[in-house]
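# Summary of structural features
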Amino acid sequence: MPTFDPHTLSATETYHLLTSLVVPRPIAWVGTRSRATDGDPVDNLAPHSYFNVISSDPPVVHVTSSGVKDTLRNMRATGVFTVSIVSRELMEAMNTTAADAPAGVSEFDLAPITRAEAVTVPAPYVAEAPAVLECTVRSELSIGTGHMVFGDVTRIQVRDELWSDGRVDVGAMDPVGRLSGSQYTMGDTVLRLPRPSWDDLSP
């Protein structure tokens, strides 16, 4: 079995190795808005695959930026952001917004999507998304090149057709997960595997 000492690998080699192993990763399609200084504010939209739930009570998620990019700058400046969930039908549009657009260009104008305004925070989101989280920044933790932003979820929006018996129909949502490089995975197969109780396992 190949064994690696991260201290002997380059940063790029370590990145490719870790992002190939920690899979699939949920994608946060993060919407933010710059703070106006010399001109009008610019809406930013970018996918981030270092994303997950931290707590459900209170509801808190995290989005981690690899390096300091527009998303992180806007989060720091305004204290708010949105997360649009990426479905299969939005995959191409999501990928378009990952382009290295120059400053002052909104990714909302690059992809065939509709910009919508959040209700509880001053930030944009993708109207076609199957679900959206509106968040306020709770705190930030920086380690190495990663900057983890914790966000309190202030509103959750789910499309009507995905809501069934008080739950989200994950299969119908058809989420996209990030693998490594330009590889993604779809939610074609949903396996139900109830968690056993100790009574089920004890002799």
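In case you missed it, the structure is sitting above this.
Counting starts from 1 at the beginning of each chain's written sequence and moves along it residue by residue. Given that the model is predicted, a residue must reach a pLDDT of at least 70 before its local features are reported, and side-chain atom pairs must reach 80 or more before they are shown or counted; all residues, however, enter totals for whole chains, interfaces and linings. Remark: hydrogens and water are excluded; side-chain values derive from all non-hydrogen atoms of the structure.

## A word on the pairing of strand 3 (residues 43-48)
Burial within strand 3 is extensive, with 5 of its 6 residues counted as buried. As paired strands, strand 2 (residues 28-33) and strand 3 are joined by 6 bridges and run antiparallel to one another. Its bridge partner being in strand 3, T32 is matched across the sheet by N44. Working definition: with a 1.4 Å probe on protein chains only, accessible area under 20% of the residue-type maximum means buried, over 50% means exposed, and in between means partly exposed. Helix and strand definitions here come from DSSP, where helices need a minimum of 4 consecutive H or I residues and strands a minimum of 2 consecutive E residues; each element is numbered from the N-terminal end. Strands are treated as partners if at least two bridges between them are detected by DSSP.

## Thoughts on unusual backbone geometry
Cis geometry is found at the peptide bond from V23 to P24, where omega equals -10 degrees. With respect to the helices and strands, the residue P24 is situated in the loop between helix 1 (11-21) and strand 1 (25-26). Each neighbour pair has its own omega, and for D57 with P58 the value is 5 degrees, a cis peptide bond. Relative to the helices and strands, P58 resides in the loop between strand 4 (51-56) and strand 5 (59-66).

## Concerning helix 2 (residues 70-78)
For helix 2, the complete set of buried residues consists of T71, L72, N74 and M75. Around the axis of helix 2, the buried residues are gathered within 165 degrees of arc, so they sit on the same side. Should any heavy atoms of two residues lie within 4.5 Å, those residues are counted as being in contact. Looking at the buried positions of helix 2, the neighbouring elements they touch are strand 2, strand 3, strand 5, strand 6 (80-85), strand 9 (131-143) and strand 10 (146-158). Where helix 2 terminates, the next one or two residues include G79, which has phi positive at roughly 80 degrees. Each C-beta atom gives one direction from the helix axis, and the arc is the one those directions make.

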